[in-house]
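What follows is the residue order along each chain.
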Amino acid sequence: FSTIANNDKVGVILFSDKIEKYIPAQKGKTHVLHIIRELLSFEPISKGTDMAQALQYFSNAQKRRCTAFIISDFIGDLKMEKPLMVASNRHELNAIQIYDRRDAEMPNIGLVKFHDAEGEGDLWVDTSMASVREQYANDWILAQSRMEQLLTKTGVKRVSIRTDEDYVKALMKLFKS
């Protein structure tokens, strides 16, 4: 809605392991409402994730310099240094990580069946084992460190927002930077 007030253009690329929907940047209230409608009703065809492909598509589709926001959980394969560098050199990129506190810490709730949303199969995990919870937390810390290194190296500003926290303060901090 700030794009309406500033008379800015806004567009969207929705992706999985392929480009699912592209809405070119335009101005106006009608266009913004169209994007919101699409965001609320969108159902991806594929379950995978390929952010590198989305960044390449963005770099090819958006010829003029712009400010772009990558909104993701940034969980999984982050092999996207080259397309991120290309996009960051041409545009001002900002990464907004949305995550749940359970992504960072596993509660002690006994035997739990996990389902891989992007893959096939299930995995049973005994969360009552302290070593399992500790390894899970360490894996999260390592993944966050790798993501931060990648984004810093490519010049992308970043903010992490937990789903149970106030997002306004985090976004204001990003915009001020």
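Before any of the text, the structure's been laid out above.
Residues numbered from 1 in each chain as written. Predicted model: local features only at pLDDT ≥ 70, side-chain atom pairs only at ≥ 80, totals over all residues. Heavy atoms only, no water.

Chemist: If you had to explain unusual backbone geometry to someone new, which residues and values would you point to?
Modeler: Phi at Asn7 is positive, roughly 55 degrees, even though this residue is not glycine. Residue position: Asn7 is located in the loop between α1 (2-6) and β1 (10-15). Overall, the relative accessible area of 49% leaves Asn7 in the partly exposed class. Backbone geometry at Phe74 places phi at a positive 55 degrees, although glycine is not the residue there. Topologically, Phe74 is positioned in the loop between β3 (67-72) and α4 (81-90). (Helix = DSSP H or I, 4+ residues; strand = E, 2+ residues; numbered from the N terminus. Buried < 20%, exposed > 50% of the residue type's maximum accessible area, 1.4 Å probe, protein only.)

Chemist: For the nonpolar core, give the residues involved together with the corresponding values.
Modeler: Core analysis: the largest hydrophobic core is formed by 18 residues, its most contacted members being Leu55, Ile70, Phe74, Met80, Leu84 and Leu93. By residue number, the principal contributor to this core is helix α3 (residues 51-61), which donates four residues. Setting aside residues no more than four positions away along its own chain, Met80 makes contact with Met51, Ala52, Leu55, Phe74 and Leu150. Judged by nonpolar contacts, the second largest core, of six residues, contains Ile96, Ile161, Leu171 and Leu174. (Core = buried A, V, L, I, M, F, W, Y, C linked by side-chain atoms within 4.5 Å. Contact = heavy atoms within 4.5 Å.)

Chemist: Which residues make up the packing of α4 against helix α6 (residues 130-153), and what values do they have?
Modeler: Interhelical geometry of α4 versus α6 gives an angle of 40 degrees and a closest axis separation of 9 Å. What the angle tells us is that α4 and α6 run oblique. Contacts from Glu81, Leu84 and Met85 in α4 reach Leu150, Leu151 and Lys153 in α6. Looking at the contact of α4 with α6, its residues break down into four nonpolar, no polar and two charged. (Axes fitted to C-alpha atoms, helices over the stretch in contact; angles between N-to-C directions. Parallel < 35°, antiparallel > 145°, perpendicular 65-115°, else oblique. Nonpolar A, V, L, I, M, F, W, Y, C, P; charged D, E, K, R; others polar.)

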